[in-house]
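Analysis of the macromolecular model
Listed below are the residues making up each chain.
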Amino acid sequence: MSNLLVNCISFISQNGSRMSKLDKMEAELAQLTKQLAEFLSLPPTDRSTPGFAKIWRPISRYRVQLRTALQEQSSALSDPRYRDAKRSEIEQRVGYNAAHRRLRLWPQIEDMVNKQVTPERKALMPQPSNYMEGAHNRYVNHLYSALHTLALPSAAAMMNLMPDAHPDVALPATHFEALMHAAYRICLAQGRDAPPRFLDVGCGGGTKIWAALPFFPDARGLENNPTQVKIGAAAMAKLNAPADCIMEADARLFDDYSSYDVIYFYRPLKDSVGLTEMEDQIMKQARPGTILIAPYLGFSAEDDDIRCSKIAPSIYVAGVAPYQTEKLRDRAELIGTEAPVHSSSTDAALGYWRPLVEASRRNGYAL
Ligand SMILES: C[S@@+](CC[C@H](N)C(=O)[O-])C[C@H]1O[C@@H](n2cnc3c(N)ncnc32)[C@H](O)[C@@H]1O
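We now turn to the structure provided with this report. Worth saying up front: this structure is predicted, and the values here are computed from it rather than measured.

On a plain count of helices and strands, the protein chain comes out with 15 helices and 9 strands. Looking at the 367 residues of the protein chain, the share that counts as buried comes to 46%. Within the protein chain, contacts between residues at least 6 apart in sequence are counted, and of these 70% link residues at least 24 apart. By element, 54% of the accessible surface of the protein chain is carried by carbon and sulfur atoms, the whole surface being about 18,700 Å².

Turning our eyes to something else, we now look at the site of the ligand. The ligand sits among 22 residues. The nearest are Gly202, Lys208, Glu223, Ala251 and Tyr264. Contact distances for the ligand include 3.0 Å between a nitrogen atom and a side-chain N or O atom of Asp200. Gly202 has a polar backbone atom sitting 2.9 Å from a nitrogen atom of the ligand. Look at the ligand: alone it shows 610 Å² of surface, and the protein chains cover 99% of it. Classifying every residue of the shell around the ligand gives 12 nonpolar, 4 polar and 6 charged.

What follows deals with the packing of aromatic side chains. Within this structure, the stated rule accounts for 16 aromatic pairs. With centroids separated by 5.6 Å and ring planes inclined at 70°, the aromatic side chains of Phe265 and Phe299 adopt a geometry described as edge-to-face. Of the two residues, Phe265 is situated in strand 6 (residues 262–265) and Phe299 in the loop between strand 7 (291–293) and strand 8 (308–312); the sequence distance between them amounts to 34 residues. For the pair shown, Phe265 and Phe299 are each scored as buried.

Take unusual backbone geometry next. With a phi angle near 65°, Asn240 is a residue other than glycine that sits in the positive phi range. Structurally, Asn240 is set in the loop between helix 12 (226–238) and strand 5 (246–248). Asn240 sits in the exposed class, given a relative accessible area of 70%.

Because each turn of an α-helix spans 3.6 residues, side chains separated by three or four positions end up pointing in the same direction. Over its 16 residues, helix 4 (residues 62–77) runs 22 Å from end to end, which matches the ideal 22 Å to within 8%, given 1.5 Å per residue. Within helix 4, the full set of buried residues consists of Tyr62, Leu66, Ala69, Leu70, Glu72, Gln73, Ala76 and Leu77. What you see down the axis of helix 4 is that its buried residues fit within an arc of 165°, all on one side. Seen from the open side of helix 4, the exposed residues pointing more than 90 degrees away from its buried face are Val64 and Gln71.

Turning to helix 8 (residues 135–150), a few remarks are in order. Here helix 8 is 16 residues long and its end C-alpha atoms lie 23 Å apart, about the 22 Å a rise of 1.5 Å per residue gives. Of the residues making up helix 8, those classed as buried are Asn137, Asn141, Tyr144 and His148. Taken end-on, helix 8 shows its buried residues confined to a sector of 65°, consistent with a single buried face. In helix 8, the exposed positions that point more than 90 degrees away from the buried face belong to Ala135, His136, His142, Thr149 and Leu150. Packed against the buried residues of helix 8 are helix 7 (128–132), helix 10 (173–190) and helix 11 (207–212).

Taken in spatial order, the 7 strands line up as 5-4-3-6-7-9-8 in an open sheet, and their pairing is mixed. The two strands at the open ends of the sheet, each matched to only one other strand, are strand 5 and strand 8. Across the sheet, the mean angle separating the axes of adjacent strands is 25° when strand polarity is ignored. In this sheet, strand 9 (residues 315–318) lies alongside strand 8 in antiparallel orientation, the contact comprising 4 bridges. Of the residues in strand 9, the one forming a bridge with Ala312 is Ile315. Here helix 13 (residues 272–285) sits on the sheet and contacts strand 3 (197–201), strand 6, strand 7 and strand 8; the angle it forms with strand 6, its principal contact strand, is near 175°. With respect to the sheet, helix 14 (residues 322–332) is in contact with strand 8 and strand 9, its orientation differing from that of strand 8 by roughly 25°.

Criteria and thresholds
- Residues numbered from 1 in each chain as written.
- Predicted model: local features only at pLDDT ≥ 70, side-chain atom pairs only at ≥ 80, totals over all residues.
- Heavy atoms only, no water.
- Helix = DSSP H or I, 4+ residues; strand = E, 2+ residues; numbered from the N terminus.
- Buried < 20%, exposed > 50% of the residue type's maximum accessible area, 1.4 Å probe, protein only.
- Contact = heavy atoms within 4.5 Å.
- Areas by Shrake-Rupley, 256 points an atom, 1.4 Å probe, with all protein chains shown as cover.
- Near = heavy atom within 4 Å.
- Polar contact = N/O pair within 3.5 Å; in protein donor to acceptor, adjacent residues only side chain to side chain.
- Nonpolar A, V, L, I, M, F, W, Y, C, P; charged D, E, K, R; others polar.
- Phe/Tyr/Trp six-rings, centres within 6.5 Å; stacked < 30°, edge-to-face > 60°.
- Expected span 1.5 Å × (residues − 1).
- Arc of directions from axis to C-beta.
- Pairing = 2+ DSSP bridges.
- Axes fitted to C-alpha atoms, helices over the stretch in contact; angles between N-to-C directions.

This is the structure we're talking about:
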């Protein structure tokens, strides 16, 4: 047997099992990436360039070594005499391919990590022209308005609308996306332990629940028009949205606002008295730190209200003083704008990169 081939299959790990040279290197690298993930979890002001270099240097030494080990493994796999007798050939090839994919991720990982050493500050809400103008935004809103119409009741069923309710007028999808992204970054800056729960108050056909799901997988809506509830629920079921995501309730009387972390209300009630009643209910029950999204003129707590303070246009934080909201904004603006990731096809093969990818997602960065 050539020395090269012996090398790639001959290690005994701490627990006594046999390990390939490649497995051993990957295990060592996993310890180092864990350290780097801890560094990335520090507040941005505590992340120094020399501190980063000290952790990254030993990681970078593995790049060439891994490439060599992979070449050796490839030669061993193509010769039946040197394959691991305990694992099938397919298993070994799958393992080899996954290790190869991890190595190919190197430049993307390096880029993702580098951006977080001194992260760029970005406003929570972009300028309206950025999300409302241009061919792409107009196209997305054109498609969304079709989805919204499909989730509406028929004209006859619309006659059942409560006289004091707005018909289901939709906020354009691209404006909503900007609001969701800002709320998502604020939630990350709050460092929550559990995934935030989202509520659309006056959800009509439920299309905003659907649009919130990529940011907040636990998203629900409430609606008081029974016909709209029935038709919206059927539309959501067809899309495989979480079961019972539309609840039938009057927004002025709903008594469970405290279970939600992000509450969105786009002026569901037409008359200002009813609207204020609803706003009062929401702010009475919302837990401190709850994010309130009210994208309309005339929100009763828009200016100088002790019940909530503004963090970005149309976005408020309940139950915290303005100086705390300012500090939160300061942290949230340093959260990246790349997460959430809408596809996780590479997740299964992340291996030693996993701690870095997870820490980066918590900072708003993604591959
Ligand atoms: C302006 S639409 C909301 C559209 C959707 N949330 C969006 O942002 O695109 C208002 C919806 O609120 C519902 N609504 C009106 N009054 C309500 C109330 N008191 N309680 C719950 N829902 C109500 C209406 O039936 C209608 O479907």
